[in-house]
Amino acid sequence: MIQNITSKLTFRVAAAALMLFGGNLLGQKHVDLGEIHGNFEIDAQTYKADSLIGAPEFPEKIGNNSFMNLLYTRGKFESGVRFESYYPTLQGFTRERGAGIPYRYARYRNEKFDVTAGTFYEQFGSGMVLRAYEAWGLGFDNSLDGVRVKSEPVKGVYLTGLVGRQRNAYSNKVENLSEGIVRGFDAEWSINDSFDSLMTAKTRVKIGGSFVSRFQKDEDPVQIIPENVAAFAGRASINRSGFNLSGEYAYKYNDPSTVNNLIYKNGTGLLVQASYARKGLGVSAQVKRIDNMDFRSDRNGTFNNLTLNFLPPQTRQHSYRLPTLFPWATQPMGEWGMQAELSYNFKKDTWLGGAHGMNLSVNFSRINALSKTATLDPSDGYTSPFFPLMDSVLFQDINIELTKKFSSKFKATLSYLHFDYDQSLFHQLTGFNSSTDVSAEVQVLDMSYKLRKKHTLRMEFQHCYTKQEFGSWAMVLAEYTIAPHFFIAVFDEYNYGNAQVNKRLHYFSGLGGVNWNNYRFQIGYGRQRAGVLCVGGVCRVVPASNGISVAITGSF
């Protein structure tokens, strides 16, 4: 017995010595075991039926969308996984309930090659033939699961090749991926980077091209559907002394699908952008024409499911609440878009600039429908002249914004916006039975006053005047911040102009939270009006709700 105890004691001492001195020896050798990083987000909300605003009964009472990323890196190698949970899915998100690992990958990079196996995101050019990306707030994720290889065979030449299938659920099981197989190749040449004599030249030029194809079996019992659908794009950009001009043209071969009502018409896309910037001045303009460019890894996909490409929006992304009543969703079946913006800083100690200067921003955007003529053969769809002959206005936004700092403690932003809007385009999404054409004017006054060191009070006063849709709105917000950790805000949206007197409701909400190092906790309570949330022309329906919301985010 004593021998056994002595033996165990000897073993423990030896083990402790090995850990102590062995650890020191390892420490002296600086063994690189790699690093683990990650981030997470937990979004939860309680739901209470509210017949006044149209919030339905939610059997589970609480919805939840959550994820955590874990990334491991060691030298030229990295790998990662993401776990996602929807028990059950928050209202307004199309992801079905469940949990799983939709994202996992391994990647190796050296000077010439970059190889990824597993899940990845990618974009060719502006994205008109391929963009795989993720937007958590929209519930959007069209990542690819397969293999991707990048290479720089010679200086300044960048090549990318990939093959895979798209994500279509909360896990990456084979049965949850798209039916279609995606193949793609992109090449870009930065001419200045290839020649030492041009490295420091003021004029910089890039050219590039992309090719993407999708294979999906034809199982249609009536029509002959192309199993292989190809799309390609060419692009170029030139930059000199603050001036930038870029353009891209995309072409897609016949791709009968649910979205285009199974027509065999080819698709086209054109995007031209120009900008100029110097100290205190910024000017930009964009033009875009899209015709039958809905491109998916599954021809039966609808709404945001299994989209392969991204059609850049030509409208301003508003952050104030009442202007977001009028979002714009890119129309892949046809639109002419144009946008221009001017930003100018009036210098300090001038008549308009005053003691602290002033910024003026003016933005104009307009989207027209394409002029279309039906063909004799319905399967060909329609014809549409490439240049002008633009049809009705679908969307128009004119906005002017003045930002001025009056003192070291007080600054304000005053905005005026005018919208003309074809609301019928959203009826199929929202089910709203409202008027077709909406004309609205919105004014916003945003004031911020520093009460004392780290303590700031911010107030927003917003007003929307319109006789259409749900009538006029008013909104007031008050936010108190103790930098950098604490914040609390209350706001009320009042639909005082609703034609139905019993719908003239207040949407009162309050929220507060704390930021601590890399973590953020936020809790709120209130009514959420129904509407459409759009980011970058990609939208999701936001249903009416009443309840408590919690959001926790962090990174490590």
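That block above? That's the structure.
Residues numbered from 1 in each chain as written. Predicted model: local features only at pLDDT ≥ 70, side-chain atom pairs only at ≥ 80, totals over all residues. Heavy atoms only, no water.

Novice: Sorry, what's going on with the pattern of salt bridges here?
Specialist: Any two side chains of opposite charge can pair, on the condition that their charged atoms come close. Per the stated rule, a full pass over the model turns up 29 salt bridges. Between K76 and E111 there is a salt bridge whose closest N-O contact spans 3.8 Å. With K76 in the loop between β2 (62-74) and β3 (77-86) and E111 in the loop between β4 (98-109) and β5 (113-120), the pair connects residues that are 35 residues apart, well separated along the chain. A residue is classified by how much of its surface remains accessible, and K76, at 41% relative accessible area, is partly exposed. (Salt bridge = Lys/Arg side-chain N within 4 Å of Asp/Glu carboxyl O. Helix = DSSP H or I, 4+ residues; strand = E, 2+ residues; numbered from the N terminus. Buried < 20%, exposed > 50% of the residue type's maximum accessible area, 1.4 Å probe, protein only.)

Novice: I would appreciate a short explanation of the environment of A236 in the present structure.
Specialist: By the secondary structure assignment, A236 is in strand β14 (residues 228-240). Here A236 falls in the partly exposed class, since its relative accessible area comes to 40%. Residues contacting A236, with those up to four places away along its chain left out, are K206, I207, L245, S246 and G247. (Contact = heavy atoms within 4.5 Å.)

Novice: Looking at this structure, I do not really get the nonpolar core. What am I missing?
Specialist: Burial of nonpolar side chains together is a common tendency in soluble globular proteins. One finds L322, F326, V442 and C464 to be the most contacted residues of the largest nonpolar core, which totals 26 residues. Going through the elements one at a time, β22 (393-405), β23 (410-422), β24 (437-452) and β26 (473-482) are the ones with two or more residues in this core. Ranked by residues supplied to this core, first place goes to β24 with four residues. Leave out the neighbours within four places in its chain, and F326 touches F395, F419, Y421, V438, A440, V442 and C464. Judged by nonpolar contacts, the second largest core, of 20 residues, contains L130, V229, A233 and I290. (Core = buried A, V, L, I, M, F, W, Y, C linked by side-chain atoms within 4.5 Å.)

Novice: Even after reading the chapter, I still don't get the pairing of strand β18 (residues 335-346), so can you show me in this structure?
Specialist: Both faces of the sheet carry side chains from a regular strand, because those side chains alternate between them. Across 10 bridges, strand β17 (residues 281-291) lies against β18 in antiparallel orientation. Following the sheet pairing, V283 is matched in β18 by L342. Note: β18 against strand β19 (residues 358-368), 11 bridges, orientation antiparallel. Note on β19: the bridge partner recorded for A340 is F364. (Pairing = 2+ DSSP bridges.)

Novice: Quick question: what am I supposed to make of the environment of S51 here?
Specialist: Within the secondary structure, S51 sits in the loop between β1 (35-46) and β2. C-alpha of S51 to C-alpha of S545: the two residues are 494 residues apart in sequence and 10.0 Å apart in space.

Novice: Is there a simple way to think about unusual backbone geometry in this case?
Specialist: For residues other than glycine, phi is negative in most cases, and the peptide bonds are mostly trans. In the segment running from Y87 into P88, the intervening peptide bond is cis, with an omega of -20 degrees. Backbone torsion omega between A483 and P484 reads -5 degrees, so that peptide bond is classified as cis. The backbone of K454 shows a phi angle near 75 degrees, a positive value even though the residue is not glycine. Mapped onto the elements of the fold, K454 is located in the loop between β24 and β25 (455-465). Of note, the phi angle at E469 is positive, near 55 degrees, even though the residue is not glycine. Residue E469 is classed as partly exposed on the basis of its relative accessible area, which comes to 21%.

Novice: Any chance you could explain the packing of aromatic side chains here in plain terms?
Specialist: Centre-to-centre distance and the angle between the planes together describe a pair of aromatic rings. A full pass over the atoms with the stated rule returns 22 aromatic pairs. Within the aromatic cluster, the residues linked to one another by ring pairs are F326, W328, F395, F419 and Y421. The residue whose ring lies beneath R131 is Y133, and the NZ or CZ to ring-centre distance is 3.9 Å. The positively charged end of R289 is found above the aromatic ring belonging to F386, 4.5 Å away from the centroid. (Phe/Tyr/Trp six-rings, centres within 6.5 Å; stacked < 30°, edge-to-face > 60°. Lys NZ or Arg CZ within 6 Å of the ring centre and 35° of its normal.)

Novice: Before we go on, may I ask you to explain a positive patch on the surface in this structure?
Specialist: The grouping of K348, K405, K411 and K450 at the surface amounts to a positive patch. Tracing the backbone through its elements, the reader meets K450 in strand β24. Residue classification places K450 among the partly exposed residues on the basis of a relative accessible area of 39%. (Patch = residues over 30% accessible without salt bridge, like charges linked within 9 Å, V, L, I, M, F, W, Y side chains within 5 Å. Areas by Shrake-Rupley, 256 points an atom, 1.4 Å probe, with all protein chains shown as cover. Lys, Arg positive; Asp, Glu negative; His and termini not counted. Charge placed at Lys NZ, Arg CZ, Asp CG, Glu CD.)

Novice: Would you mind going over the pairing of strand β32 (residues 545-555) with me for this structure?
Specialist: As defined by bridge partners, β1 adjoins β32 across seven bridges and the pair is classed as antiparallel. Paired with A44 across the bridge in β32 is V550. In this structure, strand β29 (residues 519-528) lies alongside β32, joined through 10 bridges in antiparallel fashion. Considered in β32, the bridge of F521 is made with I552.

Novice: What is the right way to read the side chain of S472 from this model?
Specialist: Take S472: it is sitting in the loop between β25 and β26. Residue S472 is classed as buried on the basis of its relative accessible area, which comes to 5%. Only 3.2 Å separates the side chain of S472 from the backbone nitrogen of T466, close enough to count as a polar contact. If we skip the residues at most four places from it in the chain, S472 touches C464, Y465, T466, Y494, N495, Y496 and G497. (Polar contact = N/O pair within 3.5 Å; in protein donor to acceptor, adjacent residues only side chain to side chain.)

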